[in-house]
Amino acid sequence: VQLQAFGGGLVQAGGSLRLSCAASGRTLSILRMGWFRQAPGKEREFVAAFTWHGTSTSYADSVKGRFTISRDYSKDALNLQMNSLKVEDTAVYYCAADKSLSDGLPTSTTRYKYWGQGTQVTVSS
């Protein structure tokens, strides 16, 4: 499974961005996908996750009500719509995938086997 994330950029606080993560390879084996982010000097943290063949979602408290994770079935892609962006949302955003669903939608980076390259999101004040 290969993942490629894109859609990052520079936006003012209060603005919106839409990230996408294209999956290729053995995508039929994917059972969950998620977005994580890493700000400078901080650990990579969970943002949102989605069951690839279902509709279950999970969000970090910090993004609930502002971010929406979804799947684009026509493109085999995972989207993250980010609204009402805040300066503290600035980070490199990574998409991740895994072939397991036995433990639901975990928030730990160790529970996701496949990772895409990051895409930078910068929110200015």
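See above for the structure.
This one's a predicted model, so the numbers in the text were calculated from it and none came from an experiment.

Peer 1: For the nonpolar core, give the residues involved together with the corresponding values.
Peer 2: Ranked by internal contacts, the top residues of the largest apolar core, which has 37 residues, are L3, W35, L80, M82 and Y93. Within the residue set of this core, elements represented by two or more residues are β1 (2–6), β3 (17–24), β4 (32–38), β5 (45–51), β7 (67–72), β8 (77–82), β9 (91–98) and β11 (119–124). Apart from residues no more than four positions distant in its own chain, L3 is found in contact with C21, A22, A23, M33, C95, A96, A97, Y114, W115, G116 and Q117.

Peer 1: I'd like a rundown of the sheet that holds β7, residues and numbers included.
Peer 2: Taking strand neighbours across the sheet as the criterion, the four strands line up as β1-β3-β8-β7 in an open arrangement whose pairing is antiparallel. Since the sheet does not close on itself, it has two edges, and those belong to β1 and β7, each with one partner. Neighbour to neighbour, the strand axes of the sheet diverge by 15° on average, direction disregarded. Across six bridges, β3 lies against β8 in antiparallel orientation. Residue L19 lies in a different strand from β8, and its bridge partner there is L80.

Peer 1: With reference to specific residues and values, describe the state of the cysteines.
Peer 2: Simply put, disulfide is the name for a covalent bond between the sulfur atoms of two cysteines. Per the counting criterion, the structure on display carries one disulfide. At a sulfur-sulfur separation of 2.1 Å, the disulfide partner of C21 is C95. On the sign convention where negative is left-handed, the bridge of C21 and C95, at about 60° about the S-S bond, is right-handed. Of the two residues, C21 is situated in strand β3 and C95 in strand β9; the sequence distance between them amounts to 74 residues. The buried category is assigned to C21, whose relative accessible area is 0%.

Peer 1: Quick one: what's the story with the pattern of salt bridges, residue by residue and with numbers?
Peer 2: Evaluation of the coordinates by the stated rule reveals eight salt bridges. In this structure, R37 engages E45 in a salt bridge whose closest nitrogen and oxygen atoms are separated by 2.7 Å. A relative accessible area of 5% places R37 in the buried class. What makes E45 partly exposed here is its relative accessible area of 36%. Notably, a salt bridge pairs D61 with K64, separated by 3.3 Å at the nearest N-O pair. A cluster of three or more residues bridged by salt bridges with shared partners is formed by R32, D98, D103 and R111.

Peer 1: Residue-level account of the pairing of β11, with values.
Peer 2: Here β11 shows one buried face, formed by T119, V121 and V123, and one open face, formed by Q120, T122 and S124. Strand direction decides the pairing type here: strand β2 (residues 9–12) and β11, joined by four bridges, are parallel. Note on β11: the bridge partner recorded for V11 is V123.

Criteria and cut-off values
Residues numbered from 1 in each chain as written. Predicted model: local features only at pLDDT ≥ 70, side-chain atom pairs only at ≥ 80, totals over all residues. Heavy atoms only, no water. Core = buried A, V, L, I, M, F, W, Y, C linked by side-chain atoms within 4.5 Å. Buried < 20%, exposed > 50% of the residue type's maximum accessible area, 1.4 Å probe, protein only. Helix = DSSP H or I, 4+ residues; strand = E, 2+ residues; numbered from the N terminus. Contact = heavy atoms within 4.5 Å. Pairing = 2+ DSSP bridges. Axes fitted to C-alpha atoms, helices over the stretch in contact; angles between N-to-C directions. Disulfide = S-S within 2.5 Å. Salt bridge = Lys/Arg side-chain N within 4 Å of Asp/Glu carboxyl O.

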